[in-house]
Amino acid sequence: MSNDLIILQKKKRNLIIKILLIILISITIFILTAFLSFYFFFESKLNKINYVGINPNEITINEGANQNLSSYRNIVLLGLDTREDTYNGSRSDGIMIISINQHTNDVKITSIYRDTYLDIKSTNSNSVYLDKITHAYAYGGAKLSINSLNRNLDLNIKEFVAVNFPAVVEVVNSIGGINIDIDASEVKYINRYIDGITKVTGVSSSHITKPGNYTLDGVQALAYCRIRYTDGGDYKRTERMREVLIATFEKAKTLSIGELNSLADIILPHISTNIDKNDIYATIPKILNYNVKESTGFPYDIKDTTIGGIWYGVPVNLDENVSRLHYNLFGTENYVPSDTVKNISGQLGTFLNCPRSVPDCPWSVPDCPRCVPNCPRCVPNCPRSVADCS
């Protein structure tokens with residue numbers, strides 16, 4: 001073979017190698033550019049969220065709960081009773097536990113009735129401080145809400161998402177409305193809420209004049225969530241909240257990429273959470289595969305009562321309610337609640353069985369023989385001493 005031919009073949013090989021290198025570099029640059037564009041796109045979206053840091057060491061989980069629920073991711077969704085994007089000092093008007101089976105992607109939603117009388121103290125002492133669960137957020141923010149739910153229900157919640165209720169108006173409008181059945185009892189009350197929400201938000205809407213299936217706009221959907229004077233009262237109200245949440249989620253799953261982008265721009269600025277951005281990135285591809293299988297309210301057995309003219313819902317046998325909750329959410333048969341739950345259940349039992357009503361018993365010294373020991377019905381700060389009491 002002549003030297004000229006050898007040199008020509010070498011040049012040809014070098015040219016091919018250079019072309020391949022150029023193609024490889026171009027592909028690499030394209031992938032890197034696409035990745036960076038994707039990253040910065042989502043980063044710009046997630047930066048709109050209000051992130052709240054909660055020290056994991058300050059999350060209280062009853063003994064055994066982590067091991068029993070290791071296959072489930074439990075997140076509490078808090079609907080705040082505020083008209084602005086402020087997250088401090090507000091009550092959580094809606095409380096939903098979103099339980100995700102990480103093996104099957106099945107999702108179950110449980111509303112905790114806001115007036116439920118539970119232990120919401122902020123310390124790890126053995127004492128019990130009973131109050132409405134809705135007040136936990138007002139007293140101690142998301143951390144106290146999480147710890148209160150974990151303590152009373154043997155859960156392992158570590159994450160929360162809080163959203164202001166007025167955001168419902170923007171979100172539902174952005175997806176073109178949601179289909180909801182309105183019955184005659186709801187027609188009676190919904191229009192006064194529509195008018196009130198329109199006045200607050202400045203977003204106009206129309207009245208609903210008869211029962212039927214409607215595509216509700218944002219104002220109407222929020223008004224539907226607010227109704228509480230039909231049969232079932234607040235319990236039915238939480239059912240409506242779950243109905244709107246599920247309908248919105250299912251509608252959002254059908255949106256195009258562009259529509260989802262617009263939805264994200266609307267809802268993210270109204271969200272407060274402690275979920276890390278990396279966790280959000282990892283969750284996004286899974287969301288479309290989530291299937292909402294069941295939604296219900298808690299407690300299952302509850303007794304309505306008043307204290308000083310204020311309405312409370314007291315769980316009847318909290319430990320039995322919790323056992324049933326773990327069966328419904330996690331399939332655990334014959335679940336035995338923790339000693340912590342049993343202690344709170346005992347205190348609630350004392351409350352329900354107290355032979356005296358608050359108006360009849362002005363004494364509240366813990367050792368006073370006129371009071372049932374440790375009865376939470378007793379009026380605090382009694383001016384009498386045990387010696388004076390007769």
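Owing to the predicted nature of the structure, the values given are computational and were not obtained by experimental measurement.

This paragraph deals with the overall build of the protein chain. Regarding its fold elements, the protein chain presents 11 helices and 13 strands. Split into buried and exposed, the 390 residues of the protein chain put 44% on the buried side. Sequence separation of 24 or more characterises 66% of the internal contacts of the protein chain that already satisfy a separation of 6 or more. Here the protein chain displays about 20,500 Å² of accessible surface, and carbon together with sulfur accounts for 54% of that area.

Where strands meet in a sheet, backbone hydrogen bonds hold them as pairs that are either parallel or antiparallel. Read from one edge of the open sheet, 7 strands run E1-E10-E7-E2-E3-E4-E11, paired in mixed fashion. Each edge of the open sheet carries a strand with a single partner, namely strand E1 (50-51) and strand E11 (291-298). Examined bridge by bridge, strand E7 (residues 159-164) and strand E10 (residues 271-273) share 3 bridges and lie antiparallel to one another. Bridging from a neighbouring strand, Val161 pairs with Thr273 of E10.

This paragraph deals with the packing of aromatic side chains. How two aromatic rings sit relative to each other is given by the distance of their centres and the angle of their planes. On inspection of all chains with the given rule, the structure shows 5 aromatic pairs. When the ring of Phe298 is compared with that of Tyr300, the centres are 5.5 Å apart and the planes differ by 85°; the resulting orientation is edge-to-face. When its relative accessible area of 0% is taken as the criterion, Phe298 is described as buried. Sitting above the plane of the Tyr224 ring, Arg240 keeps its charged end 5.9 Å from the centroid. The side chain of Arg324 reaches across the aromatic face of Tyr300, ending 4.2 Å from its centre.

Quick look at the confidence of the model for the protein chain now. Where the model shows low pLDDT, its predicted coordinates should not be examined in detail. Summarising the model, the protein chain shows a mean pLDDT of 80, and 76% of its residues fall at 70 or more. Across residues 356-370 the pLDDT falls below 50, and counting only partners more than four positions away or on other chains, this stretch makes 34 contacts in the model.

Here the focus is the pattern of salt bridges. Side-chain pairs of opposite charge can arise where the charged atoms are in close proximity. Using the criterion set out here, one finds 11 salt bridges in the structure. Asp93 serves as the salt-bridge partner of Arg226, at 3.1 Å between the closest nitrogen and oxygen. Residue Arg226 is located in helix H6 (residues 218-226), and its partner Asp93 is located in strand E3 (residues 92-101); the two are separated by 133 residues in the primary sequence. Judged by its relative accessible area of 3%, Asp93 falls in the buried class. Linking Glu239 and Lys236 is a salt bridge whose minimum nitrogen-to-oxygen distance equals 3.1 Å. Placement of both Glu239 and Lys236 in helix H7 (residues 233-252) is noted, with a separation of 3 residues, approximately one turn of the helix.

Before going further, it helps to examine the environment of Ser262. Within the secondary structure, Ser262 sits in helix H8 (residues 257-267). For Ser262, a relative accessible area of 41% corresponds to the partly exposed category. Remark: the alpha-carbon pair of Ser262 and Val171, spanning 91 residues in sequence, is separated by 9.8 Å.

Quick look at the packing of helix H4 (residues 167-174) against H6 now. With their axes 7 Å apart at the nearest point, H4 and H6 run at an angle of 130° to one another. Considering the angle they form, H4 stands oblique to H6. When you trace H4 past H6, the crossing you get is right-handed. Between H4 and H6, the contacting residues are Val168, Val169, Val172 and Asn173 on the first element and Gly218, Val219, Ala221 and Leu222 on the second. Its residues assigned to classes, the contact of H4 with H6 shows 6 nonpolar, 2 polar and no charged.

All right, on to unusual backbone geometry then. The omega torsion of the bond from Phe298 to Pro299 falls at 5°, within 30 degrees of zero and hence cis. Checked against the element boundaries, Pro299 lands in the loop between E11 and strand E12 (302-307). Despite not being glycine, Asn105 has its phi angle at roughly 65°, a positive value. As for its placement among the helices and strands, Asn105 is situated in the loop between E3 and strand E4 (106-112). With a phi close to 55°, Asp154 is a non-glycine residue in the positive phi region. For Asp154, the position within the fold is in the loop between helix H3 (135-153) and E7.

How each quantity is defined
- Residues numbered from 1 in each chain as written.
- Predicted model: local features only at pLDDT ≥ 70, side-chain atom pairs only at ≥ 80, totals over all residues.
- Heavy atoms only, no water.
- Helix = DSSP H or I, 4+ residues; strand = E, 2+ residues; numbered from the N terminus.
- Buried < 20%, exposed > 50% of the residue type's maximum accessible area, 1.4 Å probe, protein only.
- Contact = heavy atoms within 4.5 Å.
- Areas by Shrake-Rupley, 256 points an atom, 1.4 Å probe, with all protein chains shown as cover.
- Pairing = 2+ DSSP bridges.
- Phe/Tyr/Trp six-rings, centres within 6.5 Å; stacked < 30°, edge-to-face > 60°.
- Lys NZ or Arg CZ within 6 Å of the ring centre and 35° of its normal.
- pLDDT = per-residue confidence, 0-100.
- Salt bridge = Lys/Arg side-chain N within 4 Å of Asp/Glu carboxyl O.
- Axes fitted to C-alpha atoms, helices over the stretch in contact; angles between N-to-C directions.
- Parallel < 35°, antiparallel > 145°, perpendicular 65-115°, else oblique.
- Left-handed = near helix turned anticlockwise from the far one by under 90°.
- Nonpolar A, V, L, I, M, F, W, Y, C, P; charged D, E, K, R; others polar.

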